[in-house]
Amino acid sequence: MAKSLRFNKEGQFTIAQFTDIHWKDGGEKDLLSRALMEHVLHLEKPDLVVFTGDVIYTGHVSAGEAECTDPAKALLEAVDTVESLGIPWAYTFGNHDAEPESPATKEDLLQAILGTKHTLTPPASVQGPGTYKLEVLGVDSQVSAVLFLLDSGNRSPLPGMPGYAWVSRDQIRWFEQESLALPRLADGKPVPACAFFHIPLPEYREMWETQVCYGYRHEAVCCPTVNSGLFAAMAELGHILGAFVGHDHVNDYWGELHGIRLCYGRASGHNTYGREGFPRGARMILLYEGERRLDTWLRLEDGTRVSEQPRHEPERPVD
């Protein structure tokens, strides 16, 4: 288990978000994904790496395509770049990491993760594997920020209701209880926090349609058909600075909705679909000790830092 997370002497804490790597078998495309991660980590030197799901791909493949026949081995290969550099890392599940037809369950993958040296991913809690929180300590060794990781599931669990799964009501209750138990600042709110999960919330679509956003939406927002209320819980608690997701490989936009910054990562994997002229990369997040603010930018696989993304005007007026 890696050491405690801490803000540095300048009061800063940097996170690299890798998402949708879709590692399968260590082939040529997987090695391109590894090179991307190595380059980003060399340039950014983050304090923590967060993998927001679909690190491996265990779903259906077309005839002639590579399969992921050993998911646990593939997962360890996918995170090895981070692990070998000794960088603390955390992981939550996407919809493709442990598909129903996969030979490995989430519990199997978690056991493989727990055998590594530098992960901060804990054993499964009452909420199951992939849902937990991490604390970032300040210079006084007190909790100064919190990171929530949430397993957003796979497909809808309800018969007759199509589409993707959602963060469950039980998970949201856990999130609320954990948040209310956090230390409070002078404004009465819990210490600042960020949330990481795979499948975007319906509010990502609402934000694109009603708010100024920055970045690209090259595909529809593939969110659940059910809104389980996670965003409402975050807004009511008032301590979430931003949420970070993956899932939609050629979306990378961000914006603010009701005071919360909703951000897509930048898809990091070559062994999956993409878009010509839309290079893979990572999203970087910078937190400031004692402040309710964050900075974020993209680091692309060629080393380019993208600090300013194209502005998108609302598509419809706010009701």
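Residues numbered from 1 in each chain as written. Predicted model: local features only at pLDDT ≥ 70, side-chain atom pairs only at ≥ 80, totals over all residues. Heavy atoms only, no water.

Visitor: What exactly am I supposed to notice about the environment of Gly11 here?
Guide: Its place among the elements puts Gly11 in the loop between β1 (5–6) and β2 (12–18). Judged by relative accessible area, Gly11 falls into the buried class, the value being 14%. Along the sequence, Gly11 and Gly290 sit 279 residues apart, while their C-alpha atoms lie 8.0 Å from each other. (Helix = DSSP H or I, 4+ residues; strand = E, 2+ residues; numbered from the N terminus. Buried < 20%, exposed > 50% of the residue type's maximum accessible area, 1.4 Å probe, protein only.)

Visitor: It is not clear to me how the pattern of salt bridges should be interpreted in this structure. Could you clarify?
Guide: Once the charged atoms of two side chains with opposite charge are near each other, the side chains can pair. Within this structure, the stated rule accounts for 10 salt bridges. As a salt-bridge pair, Glu44 and Arg299 come within 2.8 Å of each other at their nearest N and O atoms. Placement of the pair is Glu44 in helix α1 (residues 28–44) and Arg299 in strand β13 (residues 294–300), with a sequence separation of 255 residues. Of the two residues, Glu44 and Arg299, both sit in the buried class. For Lys73, the salt bridge goes to Glu77, with nearest N and O atoms at 2.6 Å. Of this pair, Lys73 and Glu77 are both found in helix α2 (residues 71–84), 4 residues apart, which corresponds to roughly one turn of the helix. (Salt bridge = Lys/Arg side-chain N within 4 Å of Asp/Glu carboxyl O.)

Visitor: What should I look at first to understand empty space enclosed by the protein in this one?
Guide: Any space left empty among the atoms is revealed by the rolling of a water-sized probe across them. Overall, the coordinates contain 4 cavities of 30 Å³ or more when judged by the stated rule. Its volume calculated, the largest cavity comes out at about 80 Å³. What lines the largest cavity is a set of 17 residues, among which Trp166, Val167, Leu201, Pro202 and Ser228 lie closest to the centre. Secondary structure elements with two or more residues in the lining of the largest cavity: α5 (202–210) and α6 (230–237). Of the residues contributing to the lining of the largest cavity, the split by class is 12 nonpolar, 4 polar and 1 charged. Computed from the structure, the second largest cavity encloses a volume of approximately 40 Å³. Lining the second largest cavity are His249, Val250, Arg266, Ala267, Tyr273, Gly274, Arg275, Phe278, Pro279 and Arg280. (1 Å grid on protein atoms, 1.4 Å probe; cavity = no way out; pocket = protein on both sides within 12 Å on 5 of 7 lines; lining within 4 Å. Points joined across faces, edges and corners; volume = space filled by probe spheres on them. Nonpolar A, V, L, I, M, F, W, Y, C, P; charged D, E, K, R; others polar.)

Visitor: Explain the sheet that holds strand β9 (residues 240–245) here, please?
Guide: Here 9 strands make up an open sheet; going across it, the order is β1-β5-β6-β7-β9-β11-β10-β8-β15 and the pairing mixed. Edge positions in the sheet fall to β1 and β15 (311–312), since each has one partner strand and no second. Here strand β5 (residues 132–137) pairs with strand β6 (residues 143–149) via 6 bridges, running antiparallel. From the neighbouring strand, Lys133 faces β6, where its bridge partner is Phe148. Sheet strands in contact with α5 are β8 (213–214), β9, β10 (254–257), β11 (260–264) and β15, and its direction is about 95° off that of β10. Contacting β7 (193–196), β9, β10 and β11, α6 crosses the sheet at an angle of about 140° to β11. (Pairing = 2+ DSSP bridges. Contact = heavy atoms within 4.5 Å. Axes fitted to C-alpha atoms, helices over the stretch in contact; angles between N-to-C directions.)

Visitor: Whenever I open this one, α1 confuses me. Can you help?
Guide: Note: α-helices contain 3.6 residues per turn, so residues at a spacing of three or four share the same orientation. Look at α1: 25 Å from first C-alpha to last across 17 residues, which is about the 24 Å you get at 1.5 Å a residue. Residues Asp30, Ser33, Leu36, Met37, Val40, Leu41 and Glu44 constitute the buried set of α1. Buried residues of α1, viewed axially, fall in a sector of 125°; they line one side. Of the exposed residues in α1, those oriented more than 90 degrees away from the buried face are Glu28 and His42. Taken together, the buried residues of α1 touch β2, β3 (48–52), α2, β12 (281–288) and β13. (Expected span 1.5 Å × (residues − 1). Arc of directions from axis to C-beta.)

Visitor: So what exactly am I meant to see when it comes to the nonpolar core here?
Guide: As a rule of thumb, nonpolar side chains are buried together in soluble globular proteins. Core analysis: the largest hydrophobic core is formed by 34 residues, its most contacted members being Phe175, Tyr204, Leu230 and Met234. Of all the elements in the fold, those that place two or more residues in this core are β6, α4 (169–180), β7, α5, α6, β9 and β11. With residues near it in sequence (within four places) discarded, Phe175 still touches Phe148, Leu230, Ala233, Met234, Leu237, His239 and Ile240. Membership of the second largest hydrophobic core comes to 31 residues, among which are Phe51, Val55, Ala104 and Leu286. (Core = buried A, V, L, I, M, F, W, Y, C linked by side-chain atoms within 4.5 Å.)

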